[in-house]
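Remarks on the overall topology
Here are the chains, one letter per residue:
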Amino acid sequence: MTEAVTYRPPRPNELADCALVWHASVNDYMARLGHPLPPPVLEPAVRLGEHLLGTDPEHFRVAVKSSPGGKRERIVGFGIGLQREHVWFLSQLYVLPDEQHHGIGRALLTQVLPSVPETGAGATDSGVGNSVDAAIDRRHGVLATCTDSAQPISNALYSKLGIVARMPVFNLVGRPGSRSVFPPLPEGVEAVALEPPEMVSHRNPAAPGKAELRQTIDAIDRDVLGYAHQPDHLFLRVQGRTGFLYQTSAGEPLGYGYSSQVGRFGPVALLDETLTAPVIGHLLRAIEPRGAASVWVPGANDRAMVALLRAGLRIEGFPAMFCWTRPFAAFERYLPAGLALL
Ligand SMILES: CC(C)(COP(=O)(O)OP(=O)(O)OC[C@H]1O[C@@H](n2cnc3c(N)ncnc32)[C@H](O)[C@@H]1OP(=O)(O)O)[C@@H](O)C(=O)NCCC(=O)NCCS
(Lines give C-alpha, C1' and ligand atoms only; values in the text may rest on other atoms or scores of the structure.)
Protein backbone atom coordinates (compact mmCIF):
# COMPACT_ATOMS: atom_id res chain seq x y z
CA MET A 1 0.00 0.00 0.00
CA THR A 2 1.47 3.39 -0.97
CA GLU A 3 2.03 6.01 1.70
CA ALA A 4 -0.25 9.04 1.60
CA VAL A 5 1.18 12.56 1.28
CA THR A 6 -0.10 15.27 3.60
CA TYR A 7 0.85 18.92 3.87
CA ARG A 8 1.16 20.91 7.09
CA PRO A 9 3.29 23.57 8.84
CA PRO A 10 6.65 22.28 10.07
CA ARG A 11 7.45 21.58 13.71
CA PRO A 12 10.54 23.45 14.94
CA ASN A 13 12.43 20.17 15.39
CA GLU A 14 11.86 19.29 11.72
CA LEU A 15 14.03 22.07 10.27
CA ALA A 16 17.12 19.84 10.14
CA ASP A 17 15.06 17.26 8.19
CA CYS A 18 14.13 20.03 5.73
CA ALA A 19 17.81 20.90 5.36
CA LEU A 20 18.55 17.26 4.55
CA VAL A 21 15.81 17.27 1.88
CA TRP A 22 17.43 20.39 0.40
CA HIS A 23 20.84 18.73 0.29
CA ALA A 24 19.57 15.44 -1.18
CA SER A 25 17.49 17.09 -3.90
CA VAL A 26 20.21 19.50 -5.06
CA ASN A 27 22.99 16.92 -4.78
CA ASP A 28 20.96 14.51 -6.93
CA TYR A 29 21.07 16.68 -10.05
CA MET A 30 24.41 18.37 -9.34
CA ALA A 31 26.11 14.96 -9.01
CA ARG A 32 24.63 13.97 -12.38
CA LEU A 33 26.13 17.15 -13.84
CA GLY A 34 29.53 16.30 -12.34
CA HIS A 35 29.33 18.83 -9.48
CA PRO A 36 28.38 16.88 -6.34
CA LEU A 37 27.78 18.98 -3.22
CA PRO A 38 30.09 18.70 -0.23
CA PRO A 39 28.57 16.95 2.82
CA PRO A 40 25.74 19.02 4.29
CA VAL A 41 26.41 21.69 6.92
CA LEU A 42 22.95 21.94 8.44
CA GLU A 43 23.44 24.76 10.92
CA PRO A 44 23.06 27.78 8.54
CA ALA A 45 20.06 26.18 6.80
CA VAL A 46 18.38 25.49 10.15
CA ARG A 47 19.03 29.08 11.36
CA LEU A 48 17.55 30.45 8.12
CA GLY A 49 14.58 28.09 8.46
CA GLU A 50 13.95 29.37 12.00
CA HIS A 51 14.09 32.95 10.79
CA LEU A 52 11.68 32.33 7.92
CA LEU A 53 9.31 30.34 10.10
CA GLY A 54 9.44 33.10 12.72
CA THR A 55 8.80 35.96 10.31
CA ASP A 56 6.31 34.30 7.94
CA PRO A 57 4.87 31.08 9.42
CA GLU A 58 1.90 31.19 7.04
CA HIS A 59 4.05 30.44 3.99
CA PHE A 60 6.10 27.48 5.24
CA ARG A 61 4.77 23.98 4.55
CA VAL A 62 6.21 20.47 4.64
CA ALA A 63 5.06 17.46 2.62
CA VAL A 64 4.91 14.41 4.86
CA LYS A 65 4.52 10.75 3.99
CA SER A 66 2.82 8.66 6.62
CA SER A 67 2.95 4.92 6.80
CA PRO A 68 -0.41 3.06 6.89
CA GLY A 69 -1.94 3.81 10.28
CA GLY A 70 0.00 7.08 10.43
CA LYS A 71 2.57 5.73 12.91
CA ARG A 72 5.68 6.87 11.05
CA GLU A 73 6.10 10.22 9.32
CA ARG A 74 8.91 11.44 7.15
CA ILE A 75 9.39 14.75 5.39
CA VAL A 76 9.65 14.30 1.62
CA GLY A 77 9.55 17.96 0.60
CA PHE A 78 9.07 21.50 1.82
CA GLY A 79 8.30 24.97 0.49
CA ILE A 80 8.94 28.40 2.02
CA GLY A 81 7.60 31.69 0.73
CA LEU A 82 8.32 34.97 2.41
CA GLN A 83 6.07 37.96 2.15
CA ARG A 84 7.79 41.34 2.53
CA GLU A 85 5.43 44.24 1.85
CA HIS A 86 4.08 43.76 -1.69
CA VAL A 87 6.73 41.23 -2.75
CA TRP A 88 6.30 37.49 -2.17
CA PHE A 89 9.55 35.61 -2.65
CA LEU A 90 9.78 31.84 -2.93
CA SER A 91 12.79 31.19 -0.73
CA GLN A 92 12.99 27.39 -1.03
CA LEU A 93 11.14 24.50 -2.65
CA TYR A 94 12.66 21.03 -2.51
CA VAL A 95 11.38 17.49 -2.95
CA LEU A 96 13.39 14.31 -2.32
CA PRO A 97 14.71 12.83 -5.61
CA ASP A 98 12.64 9.62 -5.37
CA GLU A 99 9.47 11.64 -4.79
CA GLN A 100 9.86 14.12 -7.65
CA HIS A 101 7.61 14.33 -10.73
CA HIS A 102 4.51 13.23 -8.77
CA GLY A 103 2.98 16.66 -8.15
CA ILE A 104 4.39 17.23 -4.63
CA GLY A 105 6.39 20.30 -5.69
CA ARG A 106 3.39 21.87 -7.38
CA ALA A 107 1.16 21.13 -4.37
CA LEU A 108 3.67 22.71 -1.96
CA LEU A 109 4.06 25.73 -4.22
CA THR A 110 0.29 26.23 -4.38
CA GLN A 111 0.10 26.16 -0.58
CA VAL A 112 2.85 28.68 0.05
CA LEU A 113 1.69 31.17 -2.58
CA PRO A 114 0.15 34.35 -1.14
CA SER A 115 -3.61 34.57 -0.93
CA VAL A 116 -3.69 37.96 -2.61
CA PRO A 117 -6.96 39.39 -3.83
CA GLU A 118 -7.07 39.72 -7.60
CA THR A 119 -7.56 43.13 -9.16
CA GLY A 120 -9.47 44.20 -12.22
CA ALA A 121 -12.98 43.55 -13.42
CA GLY A 122 -13.89 39.91 -13.74
CA ALA A 123 -10.84 38.65 -11.89
CA THR A 124 -12.14 35.57 -10.20
CA ASP A 125 -9.46 32.97 -9.88
CA SER A 126 -7.76 32.68 -6.50
CA GLY A 127 -4.18 32.24 -7.55
CA VAL A 128 -2.99 29.50 -9.84
CA GLY A 129 -5.34 30.41 -12.66
CA ASN A 130 -5.31 28.81 -16.08
CA SER A 131 -5.25 32.05 -18.01
CA VAL A 132 -1.86 33.50 -18.92
CA ASP A 133 -3.19 37.00 -18.25
CA ALA A 134 -4.30 35.95 -14.78
CA ALA A 135 -0.84 34.62 -14.00
CA ILE A 136 1.04 37.64 -15.24
CA ASP A 137 -1.12 40.73 -14.95
CA ARG A 138 -3.78 40.46 -12.35
CA ARG A 139 -1.91 40.17 -9.09
CA HIS A 140 -1.44 42.80 -6.50
CA GLY A 141 2.23 42.80 -5.85
CA VAL A 142 4.98 40.66 -7.21
CA LEU A 143 5.83 36.96 -7.15
CA ALA A 144 9.55 36.26 -7.38
CA THR A 145 12.17 33.61 -6.77
CA CYS A 146 15.65 32.50 -7.70
CA THR A 147 16.26 29.27 -9.62
CA ASP A 148 19.24 27.27 -10.73
CA SER A 149 19.82 27.66 -14.47
CA ALA A 150 20.64 23.92 -14.62
CA GLN A 151 17.17 22.97 -13.33
CA PRO A 152 14.42 22.73 -15.98
CA ILE A 153 11.74 21.43 -13.57
CA SER A 154 11.69 24.39 -11.20
CA ASN A 155 12.02 26.91 -14.03
CA ALA A 156 9.08 25.31 -15.83
CA LEU A 157 6.95 25.05 -12.70
CA TYR A 158 7.36 28.72 -11.77
CA SER A 159 7.15 30.03 -15.32
CA LYS A 160 3.63 28.62 -15.63
CA LEU A 161 2.66 31.12 -12.91
CA GLY A 162 4.36 33.98 -14.73
CA ILE A 163 7.43 33.78 -12.44
CA VAL A 164 9.76 33.68 -15.42
CA ALA A 165 13.59 33.68 -15.30
CA ARG A 166 14.68 37.20 -16.24
CA MET A 167 18.22 37.77 -15.00
CA PRO A 168 21.34 35.67 -14.35
CA VAL A 169 23.01 35.87 -10.92
CA PHE A 170 26.68 34.88 -10.77
CA ASN A 171 28.53 33.56 -7.74
CA LEU A 172 31.92 35.29 -7.63
CA VAL A 173 34.37 33.70 -5.21
CA GLY A 174 37.94 34.38 -4.13
CA ARG A 175 40.29 36.75 -2.39
CA PRO A 176 40.81 40.07 -4.13
CA GLY A 177 44.38 40.09 -5.48
CA SER A 178 44.34 43.59 -6.87
CA ARG A 179 42.62 46.16 -4.66
CA SER A 180 43.44 49.09 -6.98
CA VAL A 181 40.20 48.39 -8.90
CA PHE A 182 38.33 49.58 -5.82
CA PRO A 183 38.76 53.35 -5.52
CA PRO A 184 38.49 54.83 -2.02
CA LEU A 185 35.16 56.27 -0.92
CA PRO A 186 34.84 59.68 -2.58
CA GLU A 187 35.61 62.80 -0.58
CA GLY A 188 32.61 63.68 1.57
CA VAL A 189 31.26 60.09 1.77
CA GLU A 190 31.46 58.46 5.18
CA ALA A 191 30.71 54.96 6.49
CA VAL A 192 28.82 54.58 9.79
CA ALA A 193 28.89 51.11 11.38
CA LEU A 194 25.44 49.51 11.71
CA GLU A 195 26.02 48.10 15.15
CA PRO A 196 23.26 47.48 17.66
CA PRO A 197 21.63 50.92 17.95
CA GLU A 198 22.57 51.58 21.57
CA MET A 199 26.24 50.93 20.74
CA VAL A 200 26.09 53.16 17.70
CA SER A 201 24.92 56.17 19.68
CA HIS A 202 27.40 55.42 22.48
CA ARG A 203 30.44 55.22 20.21
CA ASN A 204 29.45 57.80 17.67
CA PRO A 205 27.07 60.44 18.95
CA ALA A 206 26.71 61.83 15.42
CA ALA A 207 25.29 58.53 14.16
CA PRO A 208 21.55 58.42 13.50
CA GLY A 209 19.39 57.11 16.37
CA LYS A 210 17.50 53.82 16.36
CA ALA A 211 14.17 54.86 14.83
CA GLU A 212 15.77 57.30 12.43
CA LEU A 213 18.31 54.70 11.31
CA ARG A 214 15.54 52.17 10.72
CA GLN A 215 13.60 54.67 8.62
CA THR A 216 16.72 55.48 6.63
CA ILE A 217 17.43 51.81 5.89
CA ASP A 218 13.75 51.24 5.00
CA ALA A 219 13.83 54.18 2.58
CA ILE A 220 16.99 52.86 0.90
CA ASP A 221 15.46 49.37 0.66
CA ARG A 222 12.22 50.64 -0.86
CA ASP A 223 14.14 52.66 -3.42
CA VAL A 224 16.59 49.89 -4.38
CA LEU A 225 15.08 46.49 -3.50
CA GLY A 226 11.47 47.61 -3.77
CA TYR A 227 10.50 46.65 -0.21
CA ALA A 228 11.67 47.21 3.36
CA HIS A 229 12.74 44.16 5.41
CA GLN A 230 14.01 45.10 8.86
CA PRO A 231 13.66 41.56 10.33
CA ASP A 232 16.05 40.27 7.66
CA HIS A 233 18.61 42.96 8.52
CA LEU A 234 18.44 41.92 12.16
CA PHE A 235 18.80 38.24 11.23
CA LEU A 236 21.87 38.94 9.08
CA ARG A 237 23.51 40.95 11.85
CA VAL A 238 22.82 38.24 14.43
CA GLN A 239 24.35 35.73 11.98
CA GLY A 240 27.62 37.68 11.94
CA ARG A 241 27.30 40.12 9.06
CA THR A 242 28.64 43.59 9.75
CA GLY A 243 26.98 46.50 8.03
CA PHE A 244 27.70 50.12 7.24
CA LEU A 245 25.45 53.00 6.31
CA TYR A 246 27.03 55.25 3.70
CA GLN A 247 26.14 58.91 3.89
CA THR A 248 27.39 62.36 2.99
CA SER A 249 29.12 64.38 5.68
CA ALA A 250 25.85 66.33 5.92
CA GLY A 251 24.08 63.07 6.87
CA GLU A 252 22.33 62.47 3.52
CA PRO A 253 21.97 58.66 3.06
CA LEU A 254 23.66 57.06 0.05
CA GLY A 255 23.19 53.35 0.72
CA TYR A 256 24.28 50.49 2.95
CA GLY A 257 26.41 47.37 2.68
CA TYR A 258 27.30 44.23 4.65
CA SER A 259 30.12 41.72 4.68
CA SER A 260 31.37 39.10 7.14
CA GLN A 261 34.57 37.48 8.29
CA VAL A 262 33.40 34.09 7.04
CA GLY A 263 33.24 35.61 3.55
CA ARG A 264 29.48 35.90 3.03
CA PHE A 265 29.04 39.26 1.37
CA GLY A 266 25.99 41.48 0.97
CA PRO A 267 23.39 42.76 0.88
CA VAL A 268 24.57 46.04 -0.64
CA ALA A 269 21.98 48.66 -1.65
CA LEU A 270 23.07 51.96 -3.18
CA LEU A 271 21.09 55.02 -4.20
CA ASP A 272 23.95 56.05 -6.50
CA GLU A 273 25.41 53.23 -8.63
CA THR A 274 28.72 55.09 -9.14
CA LEU A 275 29.49 54.19 -5.50
CA THR A 276 29.47 50.45 -6.29
CA ALA A 277 33.22 49.81 -6.59
CA PRO A 278 34.26 52.16 -3.73
CA VAL A 279 31.68 50.61 -1.39
CA ILE A 280 32.66 47.01 -2.26
CA GLY A 281 36.30 47.99 -1.70
CA HIS A 282 35.47 49.61 1.64
CA LEU A 283 33.55 46.54 2.82
CA LEU A 284 36.30 44.11 1.81
CA ARG A 285 38.90 46.24 3.62
CA ALA A 286 36.81 46.96 6.73
CA ILE A 287 35.73 43.34 7.31
CA GLU A 288 38.50 41.28 5.82
CA PRO A 289 37.26 37.70 5.20
CA ARG A 290 39.40 34.99 6.80
CA GLY A 291 39.21 32.97 3.58
CA ALA A 292 37.53 33.59 0.24
CA ALA A 293 34.74 36.10 -0.20
CA SER A 294 31.55 34.87 -1.89
CA VAL A 295 29.42 37.47 -3.65
CA TRP A 296 26.16 36.93 -5.59
CA VAL A 297 26.15 39.42 -8.47
CA PRO A 298 23.02 40.02 -10.60
CA GLY A 299 23.82 40.45 -14.29
CA ALA A 300 22.39 43.97 -14.17
CA ASN A 301 25.03 45.03 -11.65
CA ASP A 302 27.74 45.48 -14.27
CA ARG A 303 29.84 47.71 -12.03
CA ALA A 304 30.14 45.03 -9.32
CA MET A 305 30.80 42.33 -11.92
CA VAL A 306 33.62 44.27 -13.60
CA ALA A 307 35.27 45.36 -10.34
CA LEU A 308 35.14 41.95 -8.63
CA LEU A 309 36.39 40.04 -11.70
CA ARG A 310 39.21 42.54 -12.26
CA ALA A 311 40.12 42.17 -8.57
CA GLY A 312 40.66 38.46 -9.21
CA LEU A 313 37.45 36.76 -8.03
CA ARG A 314 36.28 33.89 -10.24
CA ILE A 315 32.85 32.76 -11.38
CA GLU A 316 31.87 29.57 -9.59
CA GLY A 317 29.38 26.99 -10.92
CA PHE A 318 26.32 27.65 -13.05
CA PRO A 319 24.58 30.99 -12.74
CA ALA A 320 21.34 31.17 -10.82
CA MET A 321 18.42 33.12 -12.27
CA PHE A 322 16.16 35.73 -10.75
CA CYS A 323 12.56 35.15 -11.78
CA TRP A 324 9.59 37.46 -11.33
CA THR A 325 6.10 38.23 -12.50
CA ARG A 326 7.04 41.88 -12.90
CA PRO A 327 10.13 43.95 -12.07
CA PHE A 328 10.48 45.04 -8.46
CA ALA A 329 14.14 45.84 -7.72
CA ALA A 330 16.92 47.99 -9.17
CA PHE A 331 19.40 45.12 -9.39
CA GLU A 332 21.99 47.39 -11.02
CA ARG A 333 22.30 48.94 -7.56
CA TYR A 334 21.83 45.82 -5.39
CA LEU A 335 23.83 42.78 -4.32
CA PRO A 336 21.69 40.23 -2.45
CA ALA A 337 22.60 38.54 0.84
CA GLY A 338 21.99 35.18 -0.84
CA LEU A 339 19.57 33.36 -3.09
CA ALA A 340 17.10 32.26 -0.42
CA LEU A 341 16.95 35.67 1.29
CA LEU A 342 17.63 38.75 -0.77
C1 LIG B 1 11.77 21.58 -8.41
C2 LIG B 1 11.03 20.57 -7.54
C3 LIG B 1 10.80 21.16 -6.16
C4 LIG B 1 9.69 20.25 -8.19
O5 LIG B 1 9.02 19.28 -7.42
P6 LIG B 1 8.32 18.01 -8.15
O7 LIG B 1 7.50 17.33 -7.12
O8 LIG B 1 9.37 17.23 -8.83
O9 LIG B 1 7.44 18.77 -9.23
P10 LIG B 1 5.97 18.43 -9.76
O11 LIG B 1 5.90 16.98 -10.13
O12 LIG B 1 4.94 18.91 -8.81
O13 LIG B 1 5.86 19.39 -11.03
C14 LIG B 1 6.85 19.46 -11.97
C15 LIG B 1 6.31 20.27 -13.15
O16 LIG B 1 7.41 20.58 -14.02
C17 LIG B 1 7.10 20.11 -15.32
N18 LIG B 1 8.37 19.82 -15.97
C19 LIG B 1 9.32 18.95 -15.55
N20 LIG B 1 10.37 18.98 -16.40
C21 LIG B 1 10.05 19.88 -17.37
C22 LIG B 1 10.71 20.37 -18.52
N23 LIG B 1 11.92 19.94 -18.87
N24 LIG B 1 10.09 21.32 -19.25
C25 LIG B 1 8.86 21.77 -18.93
N26 LIG B 1 8.18 21.33 -17.86
C27 LIG B 1 8.77 20.40 -17.09
C28 LIG B 1 6.19 18.93 -15.08
O29 LIG B 1 5.45 18.62 -16.24
C30 LIG B 1 5.33 19.47 -13.97
O31 LIG B 1 4.39 20.41 -14.45
P32 LIG B 1 2.79 20.22 -14.25
O33 LIG B 1 2.55 20.19 -12.78
O34 LIG B 1 2.19 21.43 -14.90
O35 LIG B 1 2.48 18.93 -14.93
C36 LIG B 1 11.84 19.25 -7.40
O37 LIG B 1 11.97 18.67 -8.67
C38 LIG B 1 13.22 19.43 -6.79
O39 LIG B 1 13.37 19.41 -5.58
N40 LIG B 1 14.25 19.61 -7.66
C41 LIG B 1 15.61 19.75 -7.21
C42 LIG B 1 15.86 20.97 -6.37
C43 LIG B 1 15.38 22.27 -7.02
O44 LIG B 1 15.82 22.63 -8.10
N45 LIG B 1 14.54 23.00 -6.32
C46 LIG B 1 14.07 24.27 -6.77
C47 LIG B 1 14.95 25.34 -6.24
S48 LIG B 1 14.58 26.86 -7.01
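Residues numbered from 1 in each chain as written. Predicted model: local features only at pLDDT ≥ 70, side-chain atom pairs only at ≥ 80, totals over all residues.

1. Observations concerning the overall build of the chain
What counts here: To qualify as a helix, a DSSP run of H or I must reach at least 4 residues; to qualify as a strand, a run of E must reach at least 2; elements of each kind are numbered from the N terminus. Any residue whose C-beta has 12 or fewer other C-beta atoms within 10 Å is treated as exposed, any with 20 or more as buried, and any in between as partly exposed, C-beta atoms being built from the backbone. Any residue pair is listed as a contact if its two C-beta atoms, each placed from the backbone, are within 7 Å.
Looking only at helices and strands, one finds ten helices and 13 strands in the chain. Expressed as a percentage of the 342 residues in the chain, the buried residues total 40%. Sequence-distant contacts in the chain: of pairs separated by 6 or more residues, those separated by 24 or more amount to 70%.

2. A word on the nonpolar core
Spelled out, the test is: We define the nonpolar core as any set of buried residues of the types Ala, Val, Leu, Ile, Met, Phe, Trp, Tyr and Cys, connected via C-beta atoms lying within 7 Å of each other. Where a domain begins and ends is set by an automatic assignment or by a domain database.
In this structure, Phe78, Val295, Val297 and Leu308 are the most contacted members of the largest nonpolar core, which totals 85 residues. In terms of residues, this core owes the most to one element, strand E4 (residues 87–95), which gives seven residues. Composition of this core by domain shows at least three residues from each of domain 1 (4–146) and domain 2 (172–335). Contact partners of Val297, with chain neighbours within four places excluded, come to Val169, Phe170, Leu172, Ala304, Met305, Leu308 and Leu335.

3. Focus on helix H8 (residues 230–238)
Our working rule: Throughout, the arc means that of the directions going from the helix axis to the C-beta atoms.
Among the residues of H8, Asp232, His233, Phe235 and Leu236 are the ones counted as buried. The buried residues of H8 all sit within an arc of 160° when viewed along its axis, so they share a single face. Buried residues along H8 sit against helix H2 (42–55), helix H7 (210–224) and strand E9 (253–259). Downstream of H8 by one or two residues, Gly240 has phi in the positive range, about 100°.

4. Here we look at the site of the ligand
Short version of the rule: In this text, near has one meaning. A residue is near a molecule or strand if its C-beta atom, placed using the backbone, is within 6 Å of it. Asp, Glu, Lys and Arg are counted as charged, while Ala, Val, Leu, Ile, Met, Phe, Trp, Tyr, Cys and Pro are counted as nonpolar; the rest, among them Gly, fall into the polar class.
As a structural note, the neighbourhood of the ligand is formed by 22 residues, with Gln100, Gly105, Arg106, Pro152 and Ala156 the closest of them. Going through the elements one at a time, helix H1 (15–32), E4, helix H3 (104–112), strand E5 (142–148) and helix H5 (152–159) are the ones with two or more residues in the shell around the ligand. Per-element tally for the shell around the ligand: the top contributor is H5, with five residues. Taken together, the residues of the shell around the ligand break down into ten nonpolar, nine polar and three charged.

5. Concerning the sheet that holds strand E6 (residues 164–174)
Where we set the bar: Should DSSP find at least two bridges between two strands, the strands are taken to pair. Axes here refer to lines fitted to C-alpha atoms; in helices the fit is confined to the stretch in contact. Angles between the N-to-C directions go from 0 to 180 degrees.
Within the open sheet, the eight strands sit side by side as E1-E2-E3-E4-E5-E12-E6-E11. Their pairing is mixed. In this open sheet, the two strands that pair with only one neighbour each are strand E1 (4–8) and strand E11 (293–298). Shown here is a sheet whose adjacent strand axes are inclined to one another by a mean of 25°, direction ignored. One ladder, built from eight bridges, connects strand E3 (residues 73–84) with E4; its direction is antiparallel. Note that in E4 the partner of Arg84 across the bridge is Val87.

6. Regarding the packing of helix H9 (residues 276–286) against helix H10 (residues 302–310)
For the record, the criterion: If an angle is under 35 degrees, it is roughly parallel; if it is over 145, roughly antiparallel; if it lies from 65 to 115, roughly perpendicular; otherwise it is oblique. Crossing handedness follows the turn of the near helix against the far one: under a right angle anticlockwise gives a left-handed crossing, and clockwise gives a right-handed one.
Two numbers describe how H9 lies on H10: the axes approach to 9 Å, and their chain directions differ by 50°. It follows from the interaxial angle that H9 and H10 lie oblique. As for the relative orientation of H9 and H10, their crossing is right-handed in sense. Seen from H9, the contacting residues are Thr276, Ala277 and Ile280; seen from H10, they are Arg303, Ala304, Ala307 and Leu308. Class assignment of the residues belonging to the contact of H9 with H10 gives a composition of five nonpolar, one polar and one charged.

7. Describing H1
Rules: Any helix carries an expected span of 1.5 Å times its number of residues minus one.
Here H1 contains 18 residues, and its C-alpha end-to-end distance of 26 Å stays within 8% of the 26 Å for a straight helix at 1.5 Å per residue. Here H1 has its buried residues at Leu15, Asp17, Cys18, Ala19, Val21, Trp22 and Ser25. Residue Gly34 follows H1 closely and has a positive phi angle near 85°.

8. Some points on the pairing of E11
The buried fraction of E11 amounts to five of the six residues, a majority that puts the element mostly inside the structure. Both E6 and E11 contribute to a ladder of six bridges, which runs antiparallel. Bridged to Asn171 within E11 is Trp296.

9. Looking at unusual backbone geometry
Cis geometry marks the peptide bond from Gly266 to Pro267, where omega comes out at 0°. If you trace the backbone, Pro267 turns up in the loop between E9 and strand E10 (268–270).

10. As for the packing of H1 against H2
H2 packs onto H1 with a crossing angle of 120° between their chain directions and a minimal axis gap of 9 Å. Looking at the two axes, H1 sits oblique to H2. Between H1 and H2 the crossing geometry is right-handed. Counting all contacts with H1, which are made through Leu15, Ala16, Cys18, Ala19 and Trp22, the residues of H2 involved are Leu42, Ala45, Val46, Gly49 and Glu50. Taken together, the residues of the contact of H1 with H2 break down into eight nonpolar, one polar and one charged.

11. So, the environment of Ala293
Turning to its location among the elements, Ala293 is positioned in strand E11. Excluding residues within four positions of it along the chain, Ala293 makes contact with Gly174, Arg175, Gly263, Phe265 and Leu284.

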